[in-house]
Amino acid sequence: MFIKFCQSLIAGAFVAFSGPVSAQSSPFEIYIDADYSISSAAAQSIELGVRTALEEVNYQLAGVDVRIRPMDHRGNVKRSRRTLEQYLKNDAALAVFGGLHSPPYLAHKDFINEHGVLTLLPWSAAGPITRGSAGMENWIFRLSVDDAQAGDFFIQESIERNGCQNMAFILLETGWGRANQKTLTAALAQHGRDPALVEFFSAAISDSTALGLATRVKRAGADCAILLSNWDDGALVLNALFEVEAEVRIFSHWGVMGGEFTSHVSAQVRDALDLRVLQTCGLRREREGSAVLQNALARLEPAKATLSELAAPTGFVHGYDLTRVLIAAADQVAETEVWQTGSIQERRAVLRAALENLQAPVEGILDRYNPPFQPFTPGVLDAHEALGLEDLCVARFRTDGSLEDAH
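Worth saying up front: this structure is predicted, and the values here are computed from it rather than measured. (Residues numbered from 1 in each chain as written. Predicted model: local features only at pLDDT ≥ 70, side-chain atom pairs only at ≥ 80, totals over all residues. Heavy atoms only, no water.)

(A) Expanded view of the overall build of the protein. Within the protein, the regular secondary structure consists of 16 helices and 15 strands. Relative to the 2.2 N^0.38 estimate, which gives 22 Å for 407 residues, the radius of gyration of the protein is 21 Å and therefore close to what a compact globule would have. By the burial criterion, 57% of the 407 residues in the protein qualify as buried. Partitioning the contacts of the protein with sequence separation of at least 6, the portion at a separation of at least 24 is 74%. Counting every atom, the protein has about 15700 Å² of accessible surface; 48% of that belongs to carbon and sulfur. If the 35 positive side-chain charges of the protein are averaged to one point and the 50 negative ones to another, these points end up 3 Å apart. (Helix = DSSP H or I, 4+ residues; strand = E, 2+ residues; numbered from the N terminus. Rg over C-alpha atoms; globule rule 2.2 N^0.38 Å. Buried < 20%, exposed > 50% of the residue type's maximum accessible area, 1.4 Å probe, protein only. Contact = heavy atoms within 4.5 Å. Areas by Shrake-Rupley, 256 points an atom, 1.4 Å probe, with all protein chains shown as cover. Lys, Arg positive; Asp, Glu negative; His and termini not counted. Charge placed at Lys NZ, Arg CZ, Asp CG, Glu CD.)

Dropping the structure here:
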């Protein structure tokens, strides 16, 4: 059955898909806690990846039917918290997939771990999210960029591969931005350098504030800058840098990919700033001829020939791979008594344990995960990270706004 990704799904309706009806249980529900309003491209892409992987197994996890429940938090931390609370009251809710934003999971990390909310992150990048808290189980798993490693990658890419001399950091004033300031500064210090300028800006930045920021970047003499932003504020900042004729090359985090970025930043501006954007290596895997990716794209309706035809391809790739990992974990516990007869809390727990102890490799688009995760302990900080530094790449925008591998 082909996937029809309709707008009605985004509105938050319950959608059931045909498949064998399990005698074991009523259907499970998987929540997608994401911003379907402002960063809709990212949310839709994640959901499409999740659905594509589930379609391969007839929308079942170990013999139990599955429904997807999109939940629009609109980029609001409080709305995300309500979704988590609703999940805990729902005896059918098995797992929560996160969206683009990191702040909801930074703010609610202890709540998630204390109450056993099985949380799977295919985009949120802030490093501390998956590191757990003392005395608590860790219920958060990520298959995405980990900013604890991205800082090193950005500095390697800008200085070692592109010869940048004077780095500026242009960072959104959030916990995400502050955490990245620390990792970027530490990585830059390894090269014996300090940033030429560190600029924080608030969400919903005004045109005049963006112009002031751009002017300061120009006056600081920065030849390169690392940008961490959402798509709409990032567009304002880049257009301002172009307007003041700042001779600076931009290395952007992928937060700008969450919406209509290329509609607001012209090819002329992108080229003038030599804009490059952080990605995982899906575009490279595509160039290498990944059969898993080709099969996944062929399932879409209409079928896609390339990743660049999707608005936010990273979300699709990560959502797909992470769902494949979830399916493998469910298959591993399928014959256990807990899975067949246990409560929803017991099923969440046994699934969490399986994610930490997968016995068979999982074939994905980005990697052959063997295994994706390990049991979390304070001494193994990356235990719930499926990807590493070697999985990071940069991409450039083509004239039409699609992405291509920059190397």
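(B) Structural view of the pattern of salt bridges. Taken as a whole and judged by the stated rule, the model has 22 salt bridges. Here Glu29 makes a salt bridge to Arg69, at a shortest N to O gap of 3.8 Å. Taken together, the residues Glu29 in strand 1 (residues 28-34) and Arg69 in strand 3 (residues 64-72) connect sequence positions 40 residues apart. A single burial state applies to Glu29 and to Arg69, both of which are buried. Between Glu288 and Arg285 there is a salt bridge whose closest N-O contact spans 3.6 Å. (Salt bridge = Lys/Arg side-chain N within 4 Å of Asp/Glu carboxyl O.)

(C) Structural view of the state of the cysteines. In this structure the tally under the stated criterion is two disulfides. Two residues share a disulfide in this structure: Cys164 and Cys224, whose sulfurs sit 2.0 Å from each other. Between Cys164 and Cys224, the disulfide has an S-S torsion of -75 degrees and is therefore left-handed. Taken together, the positions of Cys164 in the loop between helix 6 (147-160) and strand 7 (167-172) and Cys224 in strand 9 (residues 224-228) put the pair 60 residues apart, joining distant regions of the chain. Residue Cys164 shares its accessibility class with Cys224, and that shared class is buried. There is a disulfide in this structure between Cys281 and Cys393, and the S-S distance comes to 2.0 Å. Taking the sign of the S-S torsion, 95 degrees for the link of Cys281 and Cys393, the bridge is right-handed. Separated by 112 residues along the polypeptide, Cys281 in the loop between strand 11 (276-280) and helix 12 (282-287) and Cys393 in strand 14 (residues 392-397) bring together distant segments of the chain. (Disulfide = S-S within 2.5 Å.)

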